[in-house]
Amino acid sequence: GEFTKGYVEGSALQWRWGAPHDAVGMISLFKNRDYFVTELNDFFARSDPAMGRWNPGSYYWHGNQPDIHAAFLFNAAGRPDLTQKWSRWVLENKYGDSYDGLDGNDDGGTLSAWYVFAALGLYPIAGTDRYELTAPLFEKAELKLKDKSLIIVATNSATDRASVQKVWLNDTPLDRTWLRHSEIANGGVLRFEMGAQAPRQ
């Protein structure tokens, strides 16, 4: 329809967010940061929560690559609470154990890897050495990095406590919503303190 002509494997709205490697630059193209947040939030709020739709519509679609990074763009706009909200929404609504358990083609494991990374609380951004942070799904996970281990811990974690309050990397508080690969390549402990309400911005 109106938002799809001239686009392949995604609508104009889905491709609108297609600069994961330069979120700050993309945000600067909008009239202001609040407008960016409103538009991106609307993109998710108007999407179909059902899984495996043949025609997913023009809004967020977890079945293909053009927009699957979009939930993590809120971090760059100073709204990590919305990154956490919408990445958890995707985990809860767009995966299942039936024949239609994915919204689209897994494309070499892309959608499965999305789940694993988002559930761990860190998501790799294509074209960069960065991971965006979000609310982990597990209380504890251990990743083997050659002969090192990265341990991810979510303290005070529960279904009703899905908001990140604070984050520490090797006992050093993080004042940002991302990590570089070099910071975790030698292992360590990434600790999230969880709570019911998003902390004040």
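Cut-offs applied
Residues numbered from 1 in each chain as written. Predicted model: local features only at pLDDT ≥ 70, side-chain atom pairs only at ≥ 80, totals over all residues. Heavy atoms only, no water. Helix = DSSP H or I, 4+ residues; strand = E, 2+ residues; numbered from the N terminus. Rg over C-alpha atoms; globule rule 2.2 N^0.38 Å. Buried < 20%, exposed > 50% of the residue type's maximum accessible area, 1.4 Å probe, protein only. Contact = heavy atoms within 4.5 Å. Lys, Arg positive; Asp, Glu negative; His and termini not counted. Charge placed at Lys NZ, Arg CZ, Asp CG, Glu CD. Expected span 1.5 Å × (residues − 1). Arc of directions from axis to C-beta. Polar contact = N/O pair within 3.5 Å; in protein donor to acceptor, adjacent residues only side chain to side chain. Axes fitted to C-alpha atoms, helices over the stretch in contact; angles between N-to-C directions. Parallel < 35°, antiparallel > 145°, perpendicular 65-115°, else oblique. Left-handed = near helix turned anticlockwise from the far one by under 90°. Nonpolar A, V, L, I, M, F, W, Y, C, P; charged D, E, K, R; others polar. Pairing = 2+ DSSP bridges. Phe/Tyr/Trp six-rings, centres within 6.5 Å; stacked < 30°, edge-to-face > 60°.

### Points about the overall build of the protein chain
Helix and strand counts for the protein chain stand at seven helices and eight strands. Over its C-alpha atoms the protein chain spans a radius of gyration of 17 Å, differing by no more than 12% from the 17 Å that the globule rule assigns to 201 residues. When the backbone C-alpha atoms are referred to their principal axes, the protein chain occupies close to 50 × 45 × 35 Å. Here the protein chain holds 201 residues, and 41% of them are scored as buried. Considering only contacts in the protein chain between residues 6 or more positions apart, those separated by 24 or more positions represent 63%. Side chains of the protein chain carry 21 positive and 25 negative charges; the gap between the two charge centres is 5 Å.

### Observations regarding helix 3 (residues 33–45)
When the terminal C-alpha atoms of helix 3 are compared, their 18 Å separation across 13 residues agrees well with the 18 Å that a helix rising 1.5 Å per residue should span. Listed in full, the buried residues belonging to helix 3 are F36, V37, L40, F43 and F44. Relative to the axis of helix 3, the buried residues are bounded by an arc of 125° and lie together on one face. Turned more than 90 degrees away from the buried face of helix 3 sit D34 and A45, all of them exposed. In this structure, the buried side of helix 3 is in contact with helix 1 (12–15), helix 2 (23–28), helix 4 (73–76) and helix 5 (80–93). The backbone nitrogen of D34 has a side-chain oxygen 3.2 Å away, supplied by the residue at the start of helix 3, namely N32.

### So, the packing of helix 5 against helix 6 (residues 110–120)
For the pair helix 5 and helix 6, the least separation of the axes is 10 Å and the interaxial angle reads 130°. With respect to their mutual orientation, helix 5 and helix 6 come out oblique. Regarding helix 5 and helix 6, the two cross each other, and that crossing is left-handed. Here S87, V90 and L91 of helix 5 lie close against helix 6, whose contacting residues are W114, Y115, A118 and A119. The class makeup of the residues in the contact of helix 5 with helix 6 is six nonpolar, one polar and no charged.

### A word on the pairing of strand 3 (residues 140–145)
Where strand 3 lies against strand 4 (residues 148–155), six bridges are found, and the strand directions are antiparallel. Looking across to strand 4, one finds that L143 is bridged to L150. Between the antiparallel neighbours strand 3 and strand 4 lie two residues, among them K146 with a positive phi of about 55°.

### A few points about the packing of aromatic side chains
The final tally for this structure, using the stated rule, is 16 aromatic pairs. A ring pair is formed by F30 and F36, whose centres lie 5.0 Å apart and whose planes are at 90°; its orientation type is edge-to-face. F36 shares its class with F30; the two are buried. Relative to W114, the ring of F72 lies with its centre 5.9 Å away and its plane at 55°, an arrangement referred to as tilted. In this pair, F72 is assigned in the loop between helix 3 and helix 4 and W114 in helix 6, connecting sequence segments 42 residues apart.

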